[in-house]
Amino acid sequence: MQTITPWCAVVAANEAIARQYMDAFKLSSEIWDARVYDTALGAQYEHIVLIRPHWRLSPAEIAHFEQLILPMWLTRLSRTGKMKVI
């Protein structure tokens, strides 16, 4: 039996939020991985959906997302990969 490694990721502040998006859009766990912002190590992905925090954020929290989280996940894209920030 062949093991399939997910090649797409939904990334959010916590795994529960990422899984809620996966469930809402019926994304298969064989293809999609639920990841947390600070777990960008390891795999290269073809598609990444990065869930921007939607609650009230301080300017420092916005800067942290834009300057650290987003660039960190851009390094996890394959050369032909695509990222959406929602």
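Everything below is about the structure shown above.
What you are looking at is a predicted structure, and each value in this text was computed from that prediction instead of being measured.

Procedures and definitions
- Residues numbered from 1 in each chain as written.
- Predicted model: local features only at pLDDT ≥ 70, side-chain atom pairs only at ≥ 80, totals over all residues.
- Heavy atoms only, no water.
- Helix = DSSP H or I, 4+ residues; strand = E, 2+ residues; numbered from the N terminus.
- Phe/Tyr/Trp six-rings, centres within 6.5 Å; stacked < 30°, edge-to-face > 60°.
- Buried < 20%, exposed > 50% of the residue type's maximum accessible area, 1.4 Å probe, protein only.
- Pairing = 2+ DSSP bridges.
- Right-handed = clockwise from strand over helix to strand, strands pointing away.

Engineer: With reference to specific residues and values, describe unusual backbone geometry.
Structural biologist: Despite not being glycine, Lys26 shows a phi value in the positive range, around 55 degrees. Along the chain, Lys26 falls in the loop between helix H1 (15–24) and strand S2 (32–36).

Engineer: Give a detailed account of the packing of aromatic side chains, specifying residues and quantitative values.
Structural biologist: Evaluation of the coordinates by the stated rule reveals 3 aromatic pairs. Judged by centre distance (6.5 Å) and plane angle (20 degrees), the rings of Tyr21 and Phe25 are stacked. Judged by its relative accessible area of 24%, Tyr21 falls in the partly exposed class. Given the relative accessible area of 57%, Phe25 is considered exposed. Centre to centre, the rings of Tyr45 and Trp73 are 6.5 Å apart; their planes meet at 40 degrees, and the pair counts as tilted. Taken as a pair, Tyr45 in strand S3 (residues 45–50) and Trp73 in helix H2 (residues 59–74) lie far apart in primary sequence, 28 residues in all.

Engineer: Go over the pairing of strand S4 (residues 77–85), please, and point to the residues and values.
Structural biologist: One ladder, built from 5 bridges, connects S3 with S4; its direction is parallel. Bridge pairing in S4 places Leu50 opposite Val85. Tracing the backbone out of S3, into H2 and back to the parallel element S4 gives a crossover that is right-handed.

Engineer: I'd like a description of the pairing of S2, backed by residues and values.
Structural biologist: Relative to S2, strand S1 (residues 8–12) runs parallel, the two being bridged by 5 bridges. Paired with Cys8 across the strands is Trp32, a residue of S2. Handedness of the S1-H1-S2 crossover: right-handed.

Such coordinate-based values are descriptive only and should not be taken to indicate function.
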